[in-house]
Amino acid sequence: MSFYFSLKPFEQFGRVLINEVNIEVEPGEHIAIIGDNGVGKSTLLNAMHSKFSNQSYLMKQDLTDVLNETGIDFIISVFPKVAALRMKIENDYDKIGDYIALSGYEIEQKIITLAKRFNLSEQDLNKPIQLLSGGQQTSVALVRAFISEKAFIMLDEPTNHLDQDRLNDLISAINKSKQTIVYVSHHRGFINQTASHVYEITDKETRKFKGNYNQYKVVKDLELQSQYKAYEKQQKEVKALEESIQRINEWHASAKASASVRDPNQQKRLSKLAQKAKMKKSQLEHKINDKQLLAPEHDDKNYYFKDSQQFRKRVLVKFDSVSKCADQKIIYNAIDFEIKNEENILLTGSNGSGKSLLIALIRQKVKPDEGRVYITPSLKIACFDQQNNNLNYNQSPLDMVLSLEHMTRSNAQTILASFGFNKDKIHQTIRTLSMGEKGRLQFVLLYFSNPNLLILDEPTNYFDIATQDLILNMIEGFKGQVFIVTHDTYLQTHFKATHWTIKNKQLINVTMNSNHKINMENTVQLLKDFKNIDENGHYETDK
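Below, the structure is looked at part by part. (Residues numbered from 1 in each chain as written. Predicted model: local features only at pLDDT ≥ 70, side-chain atom pairs only at ≥ 80, totals over all residues. Heavy atoms only, no water.)

Moving on to the overall build of the protein chain. Within the protein chain one finds 18 helices and 21 strands. Considering the protein chain as a whole, with its 543 residues, one finds that 45% of them fall into the buried category. The contacts of the protein chain with a sequence gap of at least 6 include a subset with a gap of at least 24, amounting to 67%. Accessible surface, the protein chain: about 29,800 Å² in total, of which carbon and sulfur atoms supply 48%. (Helix = DSSP H or I, 4+ residues; strand = E, 2+ residues; numbered from the N terminus. Buried < 20%, exposed > 50% of the residue type's maximum accessible area, 1.4 Å probe, protein only. Contact = heavy atoms within 4.5 Å. Areas by Shrake-Rupley, 256 points an atom, 1.4 Å probe, with all protein chains shown as cover.)

Below you can see the structure in the form of structure tokens.
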């Protein structure tokens with residue numbers, strides 16, 4: 001069946017989010033919803049789910065309310081009767097027959113099989129969700145969505161925290177699915193590989209485009225070029241009319257100054273000039289008001305961090321033979337690692353490999369079991385937290401920015417407006433903001449904290465594409481060192497840094513190994529180029 005959602009205007013808590021919503025989804029379509037942070041994408045998914053509650057399933061971004069549940073309990077709760085009986089048979093074996101009749105064990109096996117496709121073991125499924133990594137939590141939420149067997153599945157930011165292998169699993173699952181799938185995402189590569197259509201959401205309207213992100217971008221770029229040409233043409237016409245009016249007014253003023261009030265012919269000529277000027281002015285107003293063309297919008301904002309304190313020491317952070325266990329499992333085994341002055345770091349690794357633990361060790365939130373972690377004493381670290389744990393959800397954005405040293409109310413309002421917080425948003429409690437808006441607020445706070453080392457843990461999660469590009473510009477302008485943990489291949493390829501990865505409980509310098517490999521290849525090629533070396537050490541090349 002087709003799914004159609006229309007509302008004019010689309011409101012939430014008495015506030016208009018989108019002037020006019022028209023969403024039409026045909027059976028089997030896989031649609032990506034894109035739009036700026038805070039425009040109402042997640043709210044729109046919730047409204048659509050409410051309308052089609054019997055036919056649809058909504059995977060939400062936030063699992064805060066179920067962190068104490070095990071993965072298997074959370075997933076199987078999508079079948080309420082089965083979940084209720086599963087709880088009862090733990091103490092009442094007479095209920096096993098009823099459980100079998102509801103295909104309880106078959107559903108459990110389906111969950112386990114699907115979970116393995118997302119690299120979740122039975123042991124992982126039996127852990128409380130709060131003990132799983134961010135990527136594993138996303139995988140649990142995805143398994144619950146696909147196991148629901150609903151005809152219409154809605155996914156809110158399904159790629160967040162997923163490593164490349166798990167992302168490939170999700171891409172495969174979507175492309176093989178015959179279900180109708182609508183998802184909110186800002187991951188360009190993911191949209192390119194999965195979307196049959198793209199819905200663009202703005203505060204004015206919703207628009208549907210056929211094809212993936214690249215195809216959508218081609219159409220939008222062409223539209224923007226057409227808007228520029230039309231705007232430039234109109235501006236030239238307006239300028240010509242203004243110049244014409246100015247000339248007529250000058251003629252009229254000159255004629256009026258020299259004309260005799262007693263000469264009927266001269267007075268008649270003055271009257272004609274006045275009428276001509278009035279007509280030209282009317283044409284000008286018609287040009288402006290009829291088409292109402294505005295200059296095409298473009299975001300040319302750039303933000304720069306304050307100059308950071310320059311360190312004379314060569315090494316800011318150093319790990320010497322560090323070992324660390326978590327949940328009785330060895331995560332790191334005698335690793336060596338360092339962050340040098342004037343060197344940025346890119347860290348990658350599979351979900352659950354220990355990336356967030358490494359950050360905790362650098363921030364001295366946890367201590368190593370063996371070895372030593374050295375941090376330069378005067379080093380000031382600012383960390384972007386993927387769970388937004390450094391935000392006070394009971395405060396407003398304005399409250400948090402005003403808590404910064406030497407911050408005035410006027411400056412705080414100006415700063416927040418620059419980062420997309422309007423006069424209503426700055427007074428809302430932070431818990432009511434979208435995930436992207438919470439992330440943007442973190443960046444406002446980081447911007448004015450004047451750190452020497454900036455640690456960004458999955459900084460592009462939940463951010464719209466324009467904000468992702470803005471972050472890259474901000475990073476390029478940062479005077480200190482940047483340490484980024486990310487699965488985002490776009491960010492990886494656009495961030496100049498030494499690349500480290502976690503593999504087999506070790507930290508491996510990918511950049512150094514890559515350079516070493518290149519040097520070895522060059523050496524081998526050099527030996528091939530020269531056939532002999534004579535007794536004086538001279539190379540004898542082939543003739």
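Going through the model one piece at a time under the given rule, you end up with 18 salt bridges. Residue Lys110 is joined to Glu149 by a salt bridge in which the shortest nitrogen-to-oxygen separation is 3.5 Å. Remark: Glu149 occurs in the loop between helix 7 (134-147) and strand 7 (152-156) and Lys110 occurs in helix 5 (residues 104-117); sequence separation between them is 39 residues. For Lys110, a relative accessible area of 45% gives the class partly exposed. The closest approach of N and O atoms between Lys324 and Asp369, which form a salt bridge, is 3.6 Å. Taken together, the positions of Lys324 in strand 11 (residues 315-326) and Asp369 in the loop between helix 12 (355-362) and strand 14 (370-375) put the pair 45 residues apart, joining distant regions of the chain. Judged by relative accessible area, which is 13%, Lys324 ranks as buried. With relative accessibility at 45%, the residue Asp369 sits in the partly exposed group. One salt-bridge network, in which partners are shared between bridges, spans Glu200, Arg207, Lys220 and Glu223. (Salt bridge = Lys/Arg side-chain N within 4 Å of Asp/Glu carboxyl O.)

Further remarks concern the packing of aromatic side chains. A complete count under the given rule lists 12 aromatic pairs for this structure. Ring plane angle 80° and centroid distance 6.2 Å describe the contact between Phe337 and Phe483, whose orientation is recorded as edge-to-face. Separated by 146 residues along the polypeptide, Phe337 in strand 12 (residues 329-340) and Phe483 in strand 17 (residues 481-485) bring together distant segments of the chain. Both residues of the pair, Phe337 and Phe483, belong to the buried class. When the centroid spacing of 4.9 Å and the interplanar angle of 85° are considered together, the rings of Phe337 and Trp500 count as edge-to-face. Separated by 163 residues along the polypeptide, Phe337 in strand 12 and Trp500 in strand 18 (residues 498-503) bring together distant segments of the chain. (Phe/Tyr/Trp six-rings, centres within 6.5 Å; stacked < 30°, edge-to-face > 60°.)

In this section: the nonpolar core. In this structure, Ile111, Phe146 and Leu155 are the most contacted members of the largest nonpolar core, which totals 52 residues. Not counting the four nearest positions on each side in its chain, Leu155 is found in contact with Leu45, Met59, Leu142, Ala145, Ile174, Ile181, Val182, Tyr183 and Val184. (Core = buried A, V, L, I, M, F, W, Y, C linked by side-chain atoms within 4.5 Å.)

All right, on to the pairing of strand 7 then. The buried fraction of strand 7 is high, at 5 of 5 residues. Judged by which residues are buried, strand 7 turns out to be covered on both faces: Phe152, Met154 and Asp156 on one side and Ile153 and Leu155 on the other are all buried. As judged from the 4 bridges shared by strand 6 (residues 56-59) and strand 7, these two strands associate in the parallel manner. Each bridged residue has a counterpart across the sheet, and for Leu58 the counterpart in strand 7 is Met154. Where strand 7 lies against strand 8 (residues 180-184), 5 bridges are found, and the strand directions are parallel. The residue bridging Ile153 from the neighbouring strand is Ile181, located in strand 8. In this fold, strand 7 hands off to helix 8 (residues 164-176), which returns the chain to strand 8; that crossover is right-handed. (Pairing = 2+ DSSP bridges. Right-handed = clockwise from strand over helix to strand, strands pointing away.)

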